Amino acid sequence: INDKNPMADRFKMIASGYLVLIKDRKILLGRRQNTGYEDGKYGLPAGHIEEHETITHGTAREIKEEIGITISPKDLILSHVMHRKGNDERMDFFFTVPHWRGEIKNEEPEKCDDLRWFSLNALPKNIIPYIRDAIKNCVKKKFYSEFGWTKK
């Protein structure tokens, strides 16, 4: 225990923001590469929220970095929240957005080797499992879920 700052030893959870872009019953997914996490599998455009950054601002920043479109944080609509356990614990925030500026393109080819639209009825087999669950929950309009916890 840190006697000078007892809060320093307090549990911390990582937050991430995701963009769920659906149009004409298709969803935008990218295949990860060279990241050290779930490489070769498809996921949503997303990223970690940084210190002193709101979830909406961090999500908009990450989306600009990854797929090149500009989103106003105030336009993001929260559609699902997932409390996830793996090697650590995370809170994942899944957003939709009615409009954006710019053209969608892969801005991080060193981390993503395929970016394309998939039918919601035919998601790729090699999709990250919690992402598959989150997409299903978004479509069903289920606001909250938990993933990776042992059932008791």
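Each remark here, short or long, concerns the structure printed above.
Below you will find a few notes about this structure. Quick caveat, the model's predicted, so the values are computed rather than measured. (Residues numbered from 1 in each chain as written. Predicted model: local features only at pLDDT ≥ 70, side-chain atom pairs only at ≥ 80, totals over all residues. Heavy atoms only, no water.)

1. What to know about the sheet that holds strand β1 (residues 14-19)
Within a sheet, adjacent strands bond to each other through the backbone by hydrogen bonds, running parallel or antiparallel. The strand order across the open sheet built from five strands is β5-β1-β7-β6-β9, with neighbouring strands paired in mixed fashion. One side of each edge strand has no neighbouring strand; the edge strands of this open sheet are β5 (46-48) and β9 (144-147). Sheet twist, expressed as the mean angle between neighbouring strand axes with direction ignored, is 20°. Pairing geometry for strand β6 (residues 77-85) and β9, over four bridges, is parallel. Across the sheet, residue Arg 84 finds its bridge partner in β9, namely Phe 147. Packing of helix α2 (residues 129-140) onto the sheet brings it into contact with β1, β6, β7 (89-96) and β9, and relative to β6 it is tilted by some 145°. (Pairing = 2+ DSSP bridges. Helix = DSSP H or I, 4+ residues; strand = E, 2+ residues; numbered from the N terminus. Axes fitted to C-alpha atoms, helices over the stretch in contact; angles between N-to-C directions. Contact = heavy atoms within 4.5 Å.)

2. A word on α2
The terminal C-alpha atoms of α2 lie 17 Å apart, and with twelve residues this matches the ideal 16 Å at 1.5 Å per residue to within 8%. Taken as a whole, α2 has its buried residues at Tyr 130, Ile 131, Ala 134, Ile 135, Asn 137 and Cys 138. The buried residues of α2 occupy an angular sector of 165° when the element is viewed end-on, so they sit on one face. Packed against the buried residues of α2 are β1, β3 (26-32), β4 (42-43), β6, β7 and β9. Positioned one or two residues after α2, Lys 141 has a phi angle of 60°, which is positive. (Expected span 1.5 Å × (residues − 1). Buried < 20%, exposed > 50% of the residue type's maximum accessible area, 1.4 Å probe, protein only. Arc of directions from axis to C-beta.)

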